[in-house]
Amino acid sequence: MPETLTLADEARGKWLKKTGRKDLNPFGYDTPGDALREISRSIEWDLFREYQLRERAVGLVRIVLGDVPGEPKITKVIHALVDRLPEIDRYMLSAGQQRKARAGVSFEHHIEKMLVDGSVPFAKQVVIQARKRPDFVLPSFAHLKSPPLGKDKGLILSAKTTLRERWKQVEREMHGSELFLGTVDENIAANAIEEMATMGINLVVPEHLKKSKETEYDRHKNVLSFRTFFDTVVSKRMATW
């Protein structure tokens, strides 16, 4: 299994080749959020499944059959499956946890690449306070903490592929600052979005999901598309940052 950064690079490479683009500059095309979703949820997911299938298939065979060469009898295989079921369960649970953990880290890699290619100033994983380490601070922690006179204020950008109840974790990262939460999750309920609004949390979602009638996003002012985020929030502030 490749390292997370390596797999993320491979997925982006496939997307760039497919689209004929040279980079992930979010100011260079209409739907940067849709691009993020395709790269992370489709291309990279397919790559990950291929690698994991190979890796886990070998692991399962070793659990069931051991490393003894030769063709096993079917009765031995059946007995091994029954006897080692708890070990197989733990192994498959580990596979699921690995998938979720890697997906989150990889999504951060893609957003970081987008910021770099768009020449957006940022600091990554800055320790604001004990146990408060947002994914990205724009343009820098010093600017966020004390904006220079006449300069637009900075912001915090967090990234989570899926939210569920985990979005509440980002509240402690705000530190009195404006916070934007980027996600490709299409299943966030209206009451959760409204609760985020009361806390001053803005959601940033792919363009297709923002417009979709099957999501709650277009009904809420605190939900922006990635296109809107880069155009109306980041671009305007970069001029003074």
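*Asks:* Where do I start with the sheet that holds strand S5 (residues 201–205) in this structure?
*Replies:* Two orientations exist for strands paired in a sheet by backbone hydrogen bonds: parallel and antiparallel. Strand order in this open sheet of six strands is S1-S2-S3-S4-S5-S6, and the pairing throughout is mixed. A strand with exactly one partner marks an edge of an open sheet, and here the two such strands are strand S1 (123–124) and strand S6 (223–225). The pairing of S5 with S6 spans three bridges and is classified as parallel. Its bridge partner lying in S6, Leu203 is registered against Val223. Each of S5 and S6 touches helix H6 (residues 190–199); the most contacted strand, S5, lies at about 130° to it. Along the sheet, helix H8 (residues 226–238) contacts strand S2 (136–138), strand S3 (155–159), strand S4 (179–182), S5 and S6; its crossing angle with S6, the most-contacted strand, is approximately 90°.

*Asks:* Sorry, what's going on with the environment of Glu207 here?
*Replies:* With respect to the helices and strands, Glu207 occurs in helix H7 (residues 207–211). Each residue touching Glu207, except ones within four places of it in the same chain, is listed here: Asp30, Thr31, Pro32, Gly33, Asp34, Ser225, Phe226 and Arg227. Polar contacts involving the side chain of Glu207 include one to the main-chain amide nitrogen of Phe226, which spans 3.5 Å.

*Asks:* In this structure, what is going on with the packing of aromatic side chains? I would like to understand it.
*Replies:* Within a pair of aromatic rings, the relevant descriptors are the distance that separates the centres and the angle that separates the planes. Summed over the entire model, instances satisfying the criterion amount to six aromatic pairs. Consider the rings of Trp45 and Phe48, whose centres lie 6.2 Å apart with planes at 20°: the pair is stacked. Taken together, the residues Trp45 and Phe48, both in helix H2 (residues 32–65) and three residues apart, mark about one turn of the helix. Under the relative-accessibility criterion, Trp45 is labelled partly exposed at 31%. Phe48 gets classed as buried once you look at its relative accessible area, which sits at 5%. Ring centres of Phe180 and Phe229 lie 5.1 Å apart, and the angle between their planes is 50°; this geometry places the pair in the tilted category. In this pair, Phe180 is assigned in strand S4 and Phe229 in helix H8, connecting sequence segments 49 residues apart. A relative accessible area of 2% means that Phe180 is categorised as buried.

*Asks:* Any chance you could explain the pattern of salt bridges here in plain terms?
*Replies:* Opposite charge on two side chains makes pairing possible when the charged atoms of those side chains draw close. Enumeration over the complete set of coordinates arrives at 12 salt bridges. Between Asp46 and Arg49 there is a salt bridge, and its shortest N-O distance comes to 2.9 Å. Separated by three residues within a single helix, Asp46 and Arg49 lie in helix H2, roughly one turn from each other. Classification of Arg49 as partly exposed rests on a relative accessible area of 43%. The partner of Glu178 in a salt bridge is Lys153, and the shortest N-O contact between them spans 3.8 Å. Here the residue Glu178 occupies a position in the loop between S3 and S4, and Lys153 occupies one in the loop between helix H5 (141–145) and S3, the gap between them amounting to 25 residues.

The rules we used
Residues numbered from 1 in each chain as written. Predicted model: local features only at pLDDT ≥ 70, side-chain atom pairs only at ≥ 80, totals over all residues. Heavy atoms only, no water. Pairing = 2+ DSSP bridges. Helix = DSSP H or I, 4+ residues; strand = E, 2+ residues; numbered from the N terminus. Contact = heavy atoms within 4.5 Å. Axes fitted to C-alpha atoms, helices over the stretch in contact; angles between N-to-C directions. Polar contact = N/O pair within 3.5 Å; in protein donor to acceptor, adjacent residues only side chain to side chain. Phe/Tyr/Trp six-rings, centres within 6.5 Å; stacked < 30°, edge-to-face > 60°. Buried < 20%, exposed > 50% of the residue type's maximum accessible area, 1.4 Å probe, protein only. Salt bridge = Lys/Arg side-chain N within 4 Å of Asp/Glu carboxyl O.

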